[in-house]
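What follows is each chain in one-letter form.
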Amino acid sequence: MTSLLSRSTAVMKPTVAGFLSLIALSLPTIAGEQVIIASTGGAYDKALREAWFDPFTKATGIEVVTVAATNAEMRAKAAAMVKTGNVNWDLYLDGEIQAASKAHREVTEDLTDFCRQFADREDLSANACSAGGALLQSTATLLAYRTGKPGEPVPATWADMWDTGKFPGERAFPNFDDPWRVMAAALLADGVKRDELFPLDIDRALAKLDKIKPSVTLWWKTGDQSVQGFRNGEYSLGQIWLTRAKAMQNEGLPIDWSYKAAFLVGDRIALLKGAPHRDNALKLMAFWLDSPAAQAKACEALSCTPPSSDAISMMSDEARKTMPQGDDVRDHVILPDAEWINANAAMMLQRWNEWIR
């Protein structure tokens, strides 16, 4: 993972040559069968390894090699590898919104045929397997905060995130090639209604972000950076992933979160065109979808929602309570407009990069 970014608004402008040099980083050499998957590292990978990768290796003898990268790096490296024909990953994790984009389709295999074997599985959600990849899990991007003394007021909405008088302390937001959720939070904080959020008013969002920018001490690029920043006391309130917040809570850190400020998102397991271990990669994906127990174990640790209802039933009552519940989804959680986000991704990123400099 990259080093922690604190009090920095620098935006990396990688070139294709730069990405190719990153791709050239040596991978572990493993005798026998293997499959190589890129993920975001840290607690997330640890949960996946214990629940999914290691049981898969035990069942098949195929070693799972993980490569850590930021979400932006994964997308850029995948595109560069396919463009040059020098593909040395098999799989990578991509956001569910991005997995529906034209850019994603250009570098990944269409899994429509692969998905047919799961079409009659009643336990799997309707979107568990699609052309863009197998659904790994669904989770939330939300407002997380450092807990204080019992009885003290706690932040619950994005308006609270902007209220530095009532809720003092430093803030954290993500800063990578997917800025829609920060802009959406700013609009909600500015009074835009949930059902009128999309299309995003970019000018209004950036104007609202101007007001909070002096209080933002961490613009994180990876989930691990958001975790390390919280551990180090670099922020009191932050927009982070529920999977990371839950992992920190499991460590005993004083953190809690609000679903009244949440965006529901998911990750897909994508297969690169020209993957060197294609057959093994398909086996690894099938193992995930065919293993409710693996899904349950991973989401127990990460507080995510697995694609199988059987997996949900295997999770503890405590774990299920930390997942977004029906009332939360109905009344508070935002379901992003993936079509609009993909259609406007380049424009949003350009505006974001100009603003954050």
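Refer to the preceding data block for the structure.
So, here is what we can say about the structure in this document. (Residues numbered from 1 in each chain as written. Predicted model: local features only at pLDDT ≥ 70, side-chain atom pairs only at ≥ 80, totals over all residues. Heavy atoms only, no water.)

1. Quick look at the layout of surface pockets
Remark: the empty space left among the atoms is shown by a probe the size of a water molecule rolled over them.
Turning to step 1, where the next piece is worked out: Empty space within the second largest pocket amounts to approximately 380 Å³.
Turning to step 2, where the next piece is worked out: Lining the second largest pocket are 27 residues, with G95, R181, V265, G266 and D267 positioned closest to its centre.
Turning to step 3, where the next piece is worked out: Only α3 (71–84), β3 (91–95), β5 (133–146), α10 (242–250) and β9 (255–271) provide two or more residues apiece to the lining of the second largest pocket.
Turning to step 4, where the next piece is worked out: Broken down by element, the residue count for the lining of the second largest pocket peaks at four residues, all from β9. (1 Å grid on protein atoms, 1.4 Å probe; cavity = no way out; pocket = protein on both sides within 12 Å on 5 of 7 lines; lining within 4 Å. Points joined across faces, edges and corners; volume = space filled by probe spheres on them. Helix = DSSP H or I, 4+ residues; strand = E, 2+ residues; numbered from the N terminus.)

2. Remarks on the environment of S313
Turning to step 1, where the next piece is worked out: Mapping S313 onto the fold places it in helix α13 (residues 309–314).
Turning to step 2, where the next piece is worked out: In this structure, the C-alpha to C-alpha distance between S313 and A293, residues 20 residues apart in sequence, is 9.9 Å.
Turning to step 3, where the next piece is worked out: At 2.6 Å, the side chain of S313 and the backbone oxygen of D310 are in polar contact. (Polar contact = N/O pair within 3.5 Å; in protein donor to acceptor, adjacent residues only side chain to side chain.)

3. Let's talk about the pairing of strand β6 (residues 171–174)
Turning to step 1, where the next piece is worked out: Side-chain alternation along β6 places R171 and F173 on one buried face and A172 and P174 on a second face that is also buried.
Turning to step 2, where the next piece is worked out: Two elements, β6 and strand β7 (residues 216–220), share four bridges in a ladder whose sense is parallel. Within β7, the position partnered with F173 by the bridge is W219.
Turning to step 3, where the next piece is worked out: Sheet topology note: the β6/strand β8 (residues 237–241) ladder contains two bridges and is parallel. By the bridge assignment for β8, R171 is matched with L237. (Buried < 20%, exposed > 50% of the residue type's maximum accessible area, 1.4 Å probe, protein only. Pairing = 2+ DSSP bridges.)

4. A closer look at the packing of aromatic side chains
Turning to step 1, where the next piece is worked out: All told, the structure shown has 17 aromatic pairs when counted by the stated rule.
Turning to step 2, where the next piece is worked out: Ring centres 5.7 Å apart and planes at 55° place the aromatic pair F176 and W220 in the tilted group. Of this pair, F176 sits in the loop between β6 and α7 (180–189) while W220 sits in strand β7; the two residues are 44 residues apart in sequence, bridging distant segments of the chain. Comparing F176 with W220, the two get one shared label, buried.
Turning to step 3, where the next piece is worked out: Through pairs of rings, three or more aromatic residues link up here, namely W158, W180, F198, F263 and W340.
Turning to step 4, where the next piece is worked out: Above the ring of F230, the side-chain terminus of R146 is found at 4.0 Å from the ring centroid.
Turning to step 5, where the next piece is worked out: For K213, the ring lying beneath its charged end belongs to W355, and the centroid distance is 4.3 Å. (Phe/Tyr/Trp six-rings, centres within 6.5 Å; stacked < 30°, edge-to-face > 60°. Lys NZ or Arg CZ within 6 Å of the ring centre and 35° of its normal.)

5. Considering helix α8 (residues 202–212)
Turn by turn, an α-helix covers 3.6 residues, leaving residues three or four places apart pointing in a common direction.
Turning to step 1, where the next piece is worked out: For α8, the set of buried residues is I202, A205, L206, K208, L209 and I212. Down the axis of α8, the buried side of the element spans an arc of 160°, and every buried residue falls inside it. Exposed and facing more than 90 degrees away from the buried side of α8 are D203 and K211.
Turning to step 2, where the next piece is worked out: On the buried face of α8, the contacting elements are α6 (158–162), β6, α7, β7, α16 (338–343) and α17 (345–356). (Arc of directions from axis to C-beta. Contact = heavy atoms within 4.5 Å.)

6. Here we look at the nonpolar core
Note that soluble globular proteins tend to have their nonpolar side chains buried in a common cluster.
Turning to step 1, where the next piece is worked out: Membership of the largest hydrophobic core comes to 43 residues, with the highest contact counts inside it found for W52, L91, F114, I269 and M285.
Turning to step 2, where the next piece is worked out: Elements supplying a minimum of two residues to this core: β1 (34–39), α2 (42–60), β3, α5 (112–115), β5, β9, α11 (278–289) and α12 (292–302).
Turning to step 3, where the next piece is worked out: Broken down by element, the residue count for this core peaks at eight residues, all from α11.
Turning to step 4, where the next piece is worked out: Other than its neighbours up to four places away in sequence, I269 contacts I37, W52, L91, Y92, L93, L111, G132, G133, A134, L136, M285 and W288.
Turning to step 5, where the next piece is worked out: Counting 38 residues, the second-largest nonpolar core is a separate cluster that includes A185, A189, V265 and W340. (Core = buried A, V, L, I, M, F, W, Y, C linked by side-chain atoms within 4.5 Å.)

7. Describing unusual backbone geometry
Turning to step 1, where the next piece is worked out: Across the junction of F198 and P199, the peptide omega takes the value 0°, indicating a cis bond.
Turning to step 2, where the next piece is worked out: We note that S303 has phi near 60°; this positive angle belongs to a residue other than glycine.
Turning to step 3, where the next piece is worked out: With respect to the helices and strands, the residue S303 is situated in the loop between α12 and α13.

8. Considering the pattern of salt bridges
Turning to step 1, where the next piece is worked out: Applying the stated rule across the entire model yields 17 salt bridges.
Turning to step 2, where the next piece is worked out: Between E96 and R268 there is a salt bridge, with the nearest N and O atoms lying 3.1 Å from each other. Taken as a pair, E96 in the loop between β3 and α4 (102–107) and R268 in strand β9 lie far apart in primary sequence, 172 residues in all.
Turning to step 3, where the next piece is worked out: Taking relative accessible area as the criterion, E96 reaches 24% and is therefore assigned partly exposed.
Turning to step 4, where the next piece is worked out: For R268, a relative accessible area of 4% puts it in the buried group.
Turning to step 5, where the next piece is worked out: A salt bridge links D224 to R244; its shortest N-O distance comes to 2.6 Å. One end of the pair, D224, is in helix α9 (residues 223–231); the other, R244, is in helix α10, and 20 residues separate them in sequence.
Turning to step 6, where the next piece is worked out: R244 sits in the buried class, given a relative accessible area of 1%.
Turning to step 7, where the next piece is worked out: Through salt bridges with shared partners, a single network forms among R75, D94 and D177. (Salt bridge = Lys/Arg side-chain N within 4 Å of Asp/Glu carboxyl O.)

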